[in-house]
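Examination of the molecular architecture
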Amino acid sequence: MADIALECSCGKVKGVARNISPTTGRRVICYCGDCQNFAKKIGRTDDVLNAHGGTDIFQITPSQVEITQGQDQLRYLKLSEKGIYRWYTNCCQTPAGNMVGPKLPFIGIVHNFMACGDDSEKVLGPVRYSVMEQGAIKPQDTTKSMPSAEKSAGKFPIGLMIKIFARLFIDKIQGKNRPNAFFKSDGTPVSE
Ligand SMILES: [Zn+2]
Ligand SMILES: [Zn+2]
């Protein structure tokens, strides 16, 4: 297990993700339209999305995340009223993490915010799932295939859903939505 530095592109926002290993989190590439829209809105499609429009995300609990500097730079976008909170930094528009809300012990850290360097494969493990592949941008050159993952699914695979919900249930009982760098203790976001 390792502690991974979190840092926005300009260095104003810094933090740490603790106890990171391929088994303490889940590496997923999401190809959904909302993830692509988010990257577009913050003007970071070039370095957030892979060649097929996928976003590399590492799913952990908020209790593993500490923001040590620049918390006041955190902002969020909701692409629809019931949409998830998509956190980014105001200073340099680096995507930070996706959260369902203050009560659920779940955060998907966007790869740009994690300073793993070339070690990401070793520290986070290989991509375990590709989800929402119907949203992927098909390769123009048909001889090139989609990025491979251990399990690839058109939508959200039921096995992954069960794993996420089982994990959420256990993490919720253990109170791993706290401490939470993105929501105050009354459940309101740290930024308007
Ligand atoms: Zn920044
Ligand atoms: Zn998505």
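The structure reproduced in this document is the subject of the present report.

Parameters and conventions
Residues numbered from 1 in each chain as written. Chains lettered and ligands numbered in written order. Predicted model: local features only at pLDDT ≥ 70, side-chain atom pairs only at ≥ 80, totals over all residues. Heavy atoms only, no water. Donors = N, O, S within 2.8 Å, 3.2 Å for Na, K, Ca; no water. Tetrahedral: all angles 85-135°; square planar, octahedral: opposite > 155°, others 65-115°. Buried < 20%, exposed > 50% of the residue type's maximum accessible area, 1.4 Å probe, protein only. Helix = DSSP H or I, 4+ residues; strand = E, 2+ residues; numbered from the N terminus. Expected span 1.5 Å × (residues − 1). Arc of directions from axis to C-beta. Contact = heavy atoms within 4.5 Å. Phe/Tyr/Trp six-rings, centres within 6.5 Å; stacked < 30°, edge-to-face > 60°.

Overview of the coordination of the zinc ion (ligand 1)
Binding of the zinc ion (ligand 1) to the protein goes through Cys8 (SG), Cys10 (SG), Cys91 (SG) and Cys92 (SG), at separations of 2.2 to 2.4 Å. Every donor counted, the four donor atoms about the zinc ion (ligand 1) form angles of 104 to 119° at the centre, which fits tetrahedral coordination. Under the relative-accessibility criterion, cysteine 10 is labelled partly exposed at 46%. Assessed through its relative accessible area of 26%, cysteine 91 is described here as partly exposed.

Quick notes on helix α4 (residues 158-173)
A turn of α-helix holds 3.6 residues, and therefore any two residues three or four places apart point the same way. Its 16 residues place the ends of α4 23 Å apart at the C-alpha level, agreeing with the 22 Å of an ideal helix rising 1.5 Å per residue. Residues of α4 that are buried include every one of Leu160, Ile164, Leu168 and Asp171, and no others. The arc that holds every buried residue of α4, seen down its axis, measures 75°, which confines them to one face. Residues of α4 that are exposed and point over 90 degrees away from its buried face: Ile158, Ile162, Phe165, Phe169 and Ile173. In this fold, the buried residues of α4 make contact with β3 (26-30), β4 (55-60) and β10 (129-131).

Details of the packing of aromatic side chains
How two aromatic rings sit relative to each other is set out by the distance from centre to centre and by the angle between their planes. For the structure on display, the rule yields six aromatic pairs. Note on tyrosine 85 and phenylalanine 183: the rings are 4.9 Å apart at their centroids and 90° apart in plane angle, and the pair reads as edge-to-face. Separated by 98 residues along the polypeptide, tyrosine 85 in strand β7 (residues 85-89) and phenylalanine 183 in the segment after α4 bring together distant segments of the chain. Taken as a pair, tyrosine 85 and phenylalanine 183 share a single burial class, namely buried. Judged by centre distance (5.7 Å) and plane angle (85°), the rings of tryptophan 87 and phenylalanine 183 are edge-to-face. One end of the pair, tryptophan 87, is in strand β7; the other, phenylalanine 183, is in the segment after α4, and 96 residues separate them in sequence. One exposure class covers both tryptophan 87 and phenylalanine 183, and it is buried.

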